[in-house]
Every structure is written in structure tokens, then in C-alpha cells.
Amino acid sequence: MKIHCPALSDNEISVIRQAAVVRTIRKKQLLLQAGEICRYKMFVMSGFLRTYRIGTDGVDHTLHFSPQLNWLTDGESYTNQTPSLYCIDALEESELLLWSRDRFNALFQHIPALKEFSEQLIARNLYLSRNRLYKTISATPAEKYEDFINTYPGILLRIPLRMVASYLGVSLKTLTRIRHAQLPQEMK
């Protein structure tokens, strides 16, 4: 947190940390299920989470990955206290810090730099979401895959390819073909 928000003092970071609930979750455990209200802002101290939505055809569509040292929540559900359309689950055992709305809002009152940091995170996430949407509608499958590798280095070793395909909006067959085509010629 100090790296991303140098304006926070060590004492303020300690207060923020103390306001959180530490929670360890198992691999495949759901933190949020569609239809539930998202009650927490979350910070991934270790592990790996995924946000997805299940389509009317029963297929899950991965929207976001949250590796360690990342924040996540369902912003609309959290802010408006409305049922979420999304699910959040753990792709591996994870340790999280959780803040309820009341606790996080109370922190804003006492730590103005946290409010500014939170607004910067929201703006950054909006930018990243719009950029991802643009790439989804304009990039080739190979370009999407290359962008994924650059955005999430090392992740391919930690998650099933079907989730990567879901995130990229391509079939598993297409993703396999792209990966095979990128292998060095001597390895084929």
C-alpha cells in the first residue's frame, strides 16, 4: 500500500490494517455469489481470485483476475447495496483483508489520503476496464493473448487454460492453436 500511496504514513497504514478482518479462503471457495450483496472491499495479501459471471447458457465468463497485492470488489453491488450479477472465487488458497462499507467509510473520515487513493484506484480500474473492452472488440485473438501474457506474467502456470480462454473471449481450441503457433520452431 505504501508503494501505491506514498502519502499514507506508516501509522495510517496500521490503522487501515487494524480496521480490516483477515480471512483465509480455500481454493474454489466463493467469496461472492451472484444474487448476494457485496459487503466488502477486499485486498489480496496472497493467493489468486477471479471475478466472473455465468451466462444464460450456463457458461462462466471470466471478467477479471486478482493476484496478490490487488484490490477487488463488485463496485456497483458494494456501493448501491444491490444484488451482484457476478461471482468471486479463489483459484488458490488466499489470504485477504476485508473491510465492510461502514469501516471503510469511517477510515475515509480519519484518513483523507485513503479517500484519494481509493478514487485513484477506481479511476485506474475504469481505465483498465475500458481498455480491455476496446481490445476485446478490436484485437485479434493472438493480440489478446499477447496482452494477457504481458498483463498477467506467470499466471498461465497457475490457472486452467479454459479460464484464460474465457477471459479472452475465445474458444479453448483457438487459444491452444495460438499458443502452439507461438512455440519456437525447434520445439514443434
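Scoring rules and cut-offs
- Residues numbered from 1 in each chain as written.
- Predicted model: local features only at pLDDT ≥ 70, side-chain atom pairs only at ≥ 80, totals over all residues.
- Heavy atoms only, no water.
- Disulfide = S-S within 2.5 Å.
- Buried < 20%, exposed > 50% of the residue type's maximum accessible area, 1.4 Å probe, protein only.
- Helix = DSSP H or I, 4+ residues; strand = E, 2+ residues; numbered from the N terminus.
- Core = buried A, V, L, I, M, F, W, Y, C linked by side-chain atoms within 4.5 Å.
- Patch = residues over 30% accessible without salt bridge, like charges linked within 9 Å, V, L, I, M, F, W, Y side chains within 5 Å.
- Areas by Shrake-Rupley, 256 points an atom, 1.4 Å probe, with all protein chains shown as cover.
- Salt bridge = Lys/Arg side-chain N within 4 Å of Asp/Glu carboxyl O.

Caption draft 1: Summary view of the state of the cysteines. Considering all chains together, one arrives at zero disulfides under this definition. Just so you know, Cys38 is unpaired, no disulfide at all, and the nearest cysteine sulfur is the one on Cys87, 12 Å from it. Under the relative-accessibility criterion, Cys38 is labelled buried at 2%.

Caption draft 2: Layout of the environment of Thr174. When you line up the elements, Thr174 lands in helix 7 (residues 172–182). With 93 residues separating them along the chain, Thr174 and Gln81 place their C-alpha atoms 39 Å apart.

Caption draft 3: Main features of the nonpolar core. Residues Leu49, Trp99, Phe104, Leu107 and Leu114 are the most contacted members of the largest nonpolar core, which totals 30 residues. For this core, the secondary structure elements donating two or more residues are strand 2 (30–32), strand 3 (40–54), strand 5 (70–72), strand 6 (87–100), helix 3 (101–110) and helix 4 (112–138). Tallying contributions element by element places strand 6 first for this core, with six residues. Residues Phe65, Ile159, Val164 and Val170 belong to the second largest nonpolar core, which totals 16 residues.

Caption draft 4: How the structure looks around a nonpolar patch on the surface. Taken together, the side chains of Leu133, Tyr134 and Ile137 present a nonpolar region at the surface, about 380 Å² in accessible area. Tracing the sequence through the fold places Tyr134 in helix 4. Judged by relative accessible area, which is 52%, Tyr134 ranks as exposed.

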